[in-house]
Each structure stands twice: as structure tokens, then as C-alpha cells.
Amino acid sequence: MAARFNIVRAARQLTSATRPRPQFACQGWQTQQRQRLFSVSAVLKEKKYTEDHEWIEMSADGKTCTLGISEYAAKALGDVVYIELPQLEMDVSEGDAIGAVESVKSASDILTPISGTVAEVNSELETKPANINKDPEGDAWIAKITVSGEPEGKMMSKEEYTAFTEDA
Amino acid sequence: MASKRAATMLQPAANGLGPPLLRSAWSQKLQYTARALSSQASQPRKAARQSPQQVRYASTETPKEQLGRTGLYELHSKYGAKFVPFGGYSMPVQYSDLSIVDSHNWTREKASLFDVGHMVQHHFSGPGAEAFLERITPSSLSSLPDHQSILSTLLHPNTGGIVDDTVIARLPNKFYVVTNAGCREKDMAYFKEQLETWQSERPDQAVEWTILDGQGLIALQGPLSSQILARVLEDKSVKDLETLYFGQCVFATIKGTDAEVLVSRAGYTGEDGFEISIPSYATEAITQFLLDSAKDELRFAGLGARDTLRLEAGMCLYGHDLDDTTTPVEGALSWIIGKDRRAKGGFYGDSVILQQLKKKSEGGGVSRRRIGLVVEGSPAREGAEIVDEAGEKIGNVTSGCPSPTLKKNIAMGYIKDGMHKAGTEVSVVVRGKKRKAVVTKMPFVPSKYFKQPTTAKA
């Protein structure tokens, strides 16, 4: 099985290689500062998508973001039978696997594109995992995260994401 | 580097660690590497277009080689197939009309048609054929009646490890053997080598080996299979069908054609059904004929449903649930070893296998056994560790999925001898967490074969 995980990791690294990442600690600190800029927060309030098919949406006050998986992902995964939700109050870093979606055909990690603390989880999904096939970008959100930074990775607007999935 | 770190952090608990959304899919199950292109639906357009991108597939094949296509490729496309590389072929994993679960249920309630033309069909004939096949398998072929088939395994000399699992049928004057697509290269080399050895030792016992290249093979599976098949057969063949029982095969003629097909009452779903071997030139036409004559009852089904169906039926997928290191006894396939073979041996690995068949008090037994599991909560997939109460590893899962029929998570795996009894409570580690699991008898879903009535024989 080792081979499989290596491949998965290799794939992860390939996809993350294209993302700009802070190289030094001080850059990380600078990033923290940037979040206070009005223009950046405003941009984040619209729903944004990752290349891994998660979406995030920032609350009006810019402190909490809601995270879920895209309609495209839900459709492609097929019948979802189990959702592993993150632990409440868990500190998460950008790129962490905070949960998983199990469908008949596969198990897929949910990666958070933003760092912070898990403030709330959609526990209804524990008993009704199939909800994620119905309204993945609405009622079937996965977690709310009290953010501690800005996403460093590539985030796409709805239009960009649609183009990305059509391109793929 | 966040994502890298995440992966590293989770590494110690990596059992069942899934890939990110949509990057996984069939990579786990169908033994080709996890490239994004092959992912379920992640890039369907490219896959469907057969873009000339480099592809990697089963390790037994030379990488970068062009994927093969069965004679039904165009027909699959017409029916909205989503293709994945499997066993060196571009094969449908599902079709646009039904999800995997829908297709699975359709098979259990009505009937589905699977293209299994990627599998390798062989003929072995000549005066030495039976003895040769009895050397490389533990089956009693001498007592196998005409037009009867059995599940068997090709064995490695000395170790008794399984080279491949196979179905062997006795036809007049020859044996018809079907082996796995994923083992094509390995099996070819194996047969070649074993035949050379055989011929040098037994020059008077010639064996002729033919591969039925291009021959079509389709599987019609589900409770409505026999009535659907009857619609397309000549009257005489329809009559034959009435007394064709599970494990038997018969040559039949399709209405309005001169094509002779071999119909075997067999399958990989646990349902009643048939595998139909068709001459290359007629494969597409006959398949279309079948689909057209049962428009409301019969649908194409792909590898996705095939996998969940066979797992519910407790059947092995070679390369996952069986491999070169597994013996038939470890693989819970002792039942395929013929009675006379147990007494006399004379097959590859017989000393190992016959010893394993003995009682523990006589130094027999095995250290691990293939078992079924029902897992609570998250489904356990291939590679997940099976642990005991103390958290000690006692085995691992080799196949697993949520069962669409039972609505429970089912899995197959190997467990330490002694823990293999049905009802034994164990745990399976998925994403670093222990999940309760119970050793369960297989098949998980009772088989519904069309068996010969026992009273008729008496």
C-alpha cells in the first residue's frame, strides 16, 4: 500500500508546487498583517474555490469562513455514504486534511485552504451524509473556521473555477 | 508547504488516508497509478476523448504503451461510458445513465451487461492438456465433466503461491481457460515457461495452447438474465438454456446469425447470469441485439458496479485479495482443491498446500486467512490495518466499500489465524482512528445461482 500513498503524496506535491508559499517565517508574519487590509477581505467575501474542489466563504466581519466541497466534486464523487467531520476547536493549518468524504467509489480528504480554528461543524452530515449530494454549496457546508490568516494558495472565483473544471 | 506538512503529519496514521478530493477514485481499487486523468470524473472529457496523453497502468504492463480497446469500445462510447485504464485496456467504469449504486441495484433487480473482453481466453488441447493443467492447478480436471467449468488458480512451483485465478471449462477435446487482464503478461510468461518444461519432460504428451485473440466476452448478470438471453437464442438453444445450471456451459446460436457462442452460466456478481464468448466479428452486433431486445430491463454496467457486486458476493479480485504470495488455503479457497488432489498431490506447491490443509495438531494450518468484515462508521479501504483490542496489528484490508445492498461497510482482508472466526470483534484503522469491525461470513449477500435441483439427481 505504501506505493499508493507515495503516489498520492507525490500528486499533492505536484499540485501544491504551483502555489506560492511563504519561504520564511517572516513572510508568514507579513501575511498575517495583510489580512487587515480592507481590499483583501472584501475580495474574500465572495465564494472562492480551490483546485482541490473545496470552497470557502468569509463571514461579513471577516473572522469566520464557511468551508464545503463544490457541486462539481459532489457530483463526481457520486453517492456519498460517510463524512468525517473535523474536531471542534481543532487548530488547522492551510493544506491540512481536516476530514474526509467517502463515496461508494472512493475516500477523499477535505483539505482546508485556510488556517484557523474549527468553530462549528455541520453535524447533520454525520447522520445524513447524502445531503452533500443535494446541496454541497449551501446547507451541506462542512465546517466553519475562525480564521487566523489569509489563504496562501490559489483561490478561484466561481467563473474561474467553472473554467478550471471545464478545462480539466 | 502546508499540504506537505499535513501529509507528513498524517503519515503515521496513514491507513485509509484518502487522497484529496477527486484525485483517488479507481486508483485504489483497480491497480493503476493515481494520475489525475484517470480519476473518476475529474477529467471526464479527456478520458472520453481518448486523448493521446501518456498513461500509466497496471504494473504488469510496460508503461506508456497504448491502451487496448475491446471490440465494444465504440458501443460503450455510444452509451455514455466513462473510461478508465484497467488491465492494459481502456474500460468503462460507469455509464452516463446510472450512478454506480443505481447500476449495482439494477443488476440485483433486473439485469446488466458487462464487457469482459479484456480478459484473456485460452484453449488447451492435445493428449497432455489435462495432465499439464493438473500440474499447474490444484483442480480435479480428470473428474470434470464435459461442458462443466470450475474456479481454479494457477500456482507457482514450490511455494504454491497464486499466479492468477482462473476459470477452467472442459469442452469436447479441449479446455477453455479464462485468465485476468491485469495478469496478461505475467500469465503469458508463466504458461510459456511451464509448457516448455512440460514438453521437455513429457515429449509424448503434447499440449497445444491457443489464445483466442480478439474473441469477445460479455457477462449478462441479474435475475432477468435467462429470460433476456432466451429472446436472442435460436429455439434449440433456448431449450438447452432451461437445463443449463450454474457452472455449466453450452454452445448456442444467436437468432438470425451463424455465430456460434459459448454460453457459461457463471459470473462475478453472485446473481444468476451468463458469460458469453463471441467470435470477434459478431461481438458488437450480438451485444447490441441483446441491449435492443431488453430495452427496459438490461443496461450496460461498468467496473464500478462490478467491483461492489463481486465484493458483496465475497469474490476475490486478483492483485488485491490474492497475489503471488497467497496460497489457496490462506485465500479461503481450499474448496477449489479437488478430493483426489488432496490425496495424491502432484500439483505445484502441493507439499506446502497439503500441509496447510492438515489439522493444526498435525503441524498444519496457516498463519493468516482471508475473511470478510463489516465495519462501523467509515468504510475501510484497501490497505487499512486490522488491529486487536490492544491496538496490535493482526491483519489488513485488501478490498472494501460501502455495500449498496446492505447499506453497511463491507471489506475483505487477511487476519491472523485464530481471529478469523465469524463474530470475532476487531478494529480497523481508518484515517488514524479505530473503527469497530466484526469478522463476517462471506458472501455478504446470499448468492442466487441457478443450481441443478438435487432431487433430480437422486
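Note that the coordinates shown come from a computational prediction; the quantities given were computed from them, not determined experimentally.

Parameters and conventions
Residues numbered from 1 in each chain as written. Chains lettered and ligands numbered in written order. Predicted model: local features only at pLDDT ≥ 70, side-chain atom pairs only at ≥ 80, totals over all residues. Heavy atoms only, no water. UniProt positions renumbered as here; feature names shortened; annotations may be inferred. Helix = DSSP H or I, 4+ residues; strand = E, 2+ residues; numbered from the N terminus. Pairing = 2+ DSSP bridges. Axes fitted to C-alpha atoms, helices over the stretch in contact; angles between N-to-C directions. Contact = heavy atoms within 4.5 Å. Phe/Tyr/Trp six-rings, centres within 6.5 Å; stacked < 30°, edge-to-face > 60°. Lys NZ or Arg CZ within 6 Å of the ring centre and 35° of its normal. Buried < 20%, exposed > 50% of the residue type's maximum accessible area, 1.4 Å probe, protein only. Polar contact = N/O pair within 3.5 Å; in protein donor to acceptor, adjacent residues only side chain to side chain. Patch = residues over 30% accessible without salt bridge, like charges linked within 9 Å, V, L, I, M, F, W, Y side chains within 5 Å. Areas by Shrake-Rupley, 256 points an atom, 1.4 Å probe, with all protein chains shown as cover. Salt bridge = Lys/Arg side-chain N within 4 Å of Asp/Glu carboxyl O. Parallel < 35°, antiparallel > 145°, perpendicular 65-115°, else oblique. Left-handed = near helix turned anticlockwise from the far one by under 90°. Nonpolar A, V, L, I, M, F, W, Y, C, P; charged D, E, K, R; others polar.

Participant: When you look at the UniProt feature "domain: Aminomethyltransferase C-terminal" (unreviewed entry) in chain B in this model, what are you seeing that I'm missing?
Facilitator: UniProt's entry tags residues 368-445 of chain B with the feature "domain: Aminomethyltransferase C-terminal" (unreviewed entry), counted in the numbering of this structure. Counting secondary structure, residues 368-445 of chain B comes out at 0% helix and 55% strand; the distance between its end C-alpha atoms is 24 Å.

Participant: What am I meant to see in the sheet that holds strand S15 (residues 385-387) of chain B here?
Facilitator: In a beta sheet, neighbouring strands pair by backbone hydrogen bonds and run either parallel or antiparallel. Residue and element names in this part refer to chain B. Around the barrel, which closes on itself, the six strands sit in the order S14-S17-S16-S15-S18-S19 with antiparallel pairing between neighbours. Averaged over all pairs of adjacent strands, the angle between their axes in this sheet comes to 40°, without regard to strand direction. Two elements, S15 and strand S18 (residues 425-430), share three bridges in a ladder whose sense is antiparallel. Each residue of the ladder has a partner; that of Val-387, found in S18, is Ser-427. Along the sheet face, helix H10 (residues 303-312) touches strand S16 (393-402) and strand S17 (409-416) and points at about 130° away from the line of S16.

Participant: Help me understand the packing of aromatic side chains in this model?
Facilitator: Given two aromatic rings, their pairing is described by the distance between the two centres and the angle made by the two planes. For the structure on display, the rule yields 13 aromatic pairs over all chains. Note on Tyr-49 of chain A and Tyr-161 of chain A: the rings are 4.5 Å apart at their centroids and 10° apart in plane angle, and the pair reads as stacked. Pair noted here: Tyr-49 of chain A is in strand S1 (residues 48-49) and Tyr-161 of chain A is in helix H7 (residues 158-167), with a separation of 112 residues, a long-range link. Plain terms: the ring middles of Phe-124 of chain B and Trp-209 of chain B are 6.2 Å apart, the flat faces sit at 5° to each other, and that makes the pair stacked. Taken together, the positions of Phe-124 of chain B in strand S4 (residues 120-125) and Trp-209 of chain B in strand S8 (residues 208-211) put the pair 85 residues apart, joining distant regions of the chain. In textbook terms, an aromatic cluster arises when at least three aromatic residues are bridged by ring pairs, as seen for Phe-124, Phe-132, Tyr-190, Phe-191, Trp-198 and Trp-209 of chain B. Above the ring of Tyr-73 of chain B, the side-chain terminus of Arg-69 of chain B is found at 4.0 Å from the ring centroid. Cation over ring: Arg-299 of chain B sits above Trp-106 of chain B, and NZ or CZ is 4.3 Å from the ring centre.

Participant: Got a minute to help me understand unusual backbone geometry in this structure?
Facilitator: Note: most peptide bonds trans; most residues except glycine with negative phi. A cis amide bond, omega 0°, links Met-442 of chain B with the succeeding residue Pro-443 of chain B. With respect to the element layout, Pro-443 of chain B can be found in the loop between strand S19 (433-440) and helix H13 (454-457).

Participant: Would you mind showing me how to read the side chain of Glu-84 of chain A here?
Facilitator: With respect to the element layout, Glu-84 of chain A can be found in strand S4 (residues 80-84). Given a relative accessible area of 6%, Glu-84 of chain A falls into the buried group. A distance of 2.7 Å separates polar atoms of two side chains, one belonging to Glu-84 of chain A and the other to Arg-431 of chain B. Polar side-chain contacts of Glu-84 of chain A include one of 2.7 Å to the side chain of Lys-433 of chain B. For Glu-84 of chain A, the residues in contact, after removing those within four places along its chain, are Ile-98, Gly-99, Ala-100 and Ile-110 of chain A together with Ser-378, Arg-431, Lys-433 and Arg-435 of chain B.

Participant: Would you take a moment to explain the UniProt feature "domain: Lipoyl-binding" (unreviewed entry) in chain A for this structure?
Facilitator: Taken from the UniProt record, the annotation "domain: Lipoyl-binding" (unreviewed entry) applies to residues 64-146 of chain A. Here residues 64-146 of chain A runs as 18% helix and 42% strand, with 4 Å between its end C-alpha atoms.

Participant: Sorry if this is basic, but what is going on with a nonpolar patch on the surface here?
Facilitator: All names here are of chain B. There is a patch of nonpolar side chains on the surface, built from Leu-151, Val-167 and Trp-335 and spanning about 280 Å² of accessible area. Positionally, Trp-335 belongs in the loop between H10 and helix H11 (339-344). Note on Trp-335: relative accessible area 58%, which makes it exposed.

Participant: What should I look at first to understand the packing of helix H5 (residues 129-136) of chain B against helix H6 (residues 184-201) of chain B in this one?
Facilitator: For any two helices packed against each other, the geometry comes down to the angle between their axes and how far apart the axes lie. All names here are of chain B. Packing of H5 against H6 leaves a shortest axis separation of 11 Å and a crossing angle of 120°. If you check the angle between H5 and H6, you find them oblique. Crossing angle aside, the handedness with which H5 passes H6 is right-handed. Residue-level inspection shows Ala-131, Phe-132, Arg-135 and Ile-136 of H5 in contact with H6, the latter providing Tyr-190, Phe-191, Gln-194, Leu-195, Thr-197, Trp-198 and Glu-201. Its residues assigned to classes, the contact of H5 with H6 shows seven nonpolar, two polar and two charged.

Participant: Would you take a moment to explain the pairing of strand S6 (residues 162-171) of chain B for this structure?
Facilitator: When a strand is regular, its side chains alternate between the sheet's two faces. All names here are of chain B. The buried fraction of S6 amounts to nine of the ten residues, a majority that puts the element mostly inside the structure. Judged from the eight bridges that link them, strand S5 (residues 148-155) and S6 form a sheet pairing that is antiparallel. Across the sheet, Ser-152 pairs through a bridge with Thr-166, a residue of S6. Between the end of S5 and the start of S6, which pair antiparallel, lie six residues, with Asn-158 showing a positive phi angle near 70°. In this sheet, strand S7 (residues 174-179) lies alongside S6 in antiparallel orientation, the contact comprising six bridges. Pairing of Thr-166 across the sheet is with Thr-179, part of S7. Here S6 folds back onto S7, and the loop between the two strands holds two residues, one of which, Asn-173, carries a positive phi near 70°.

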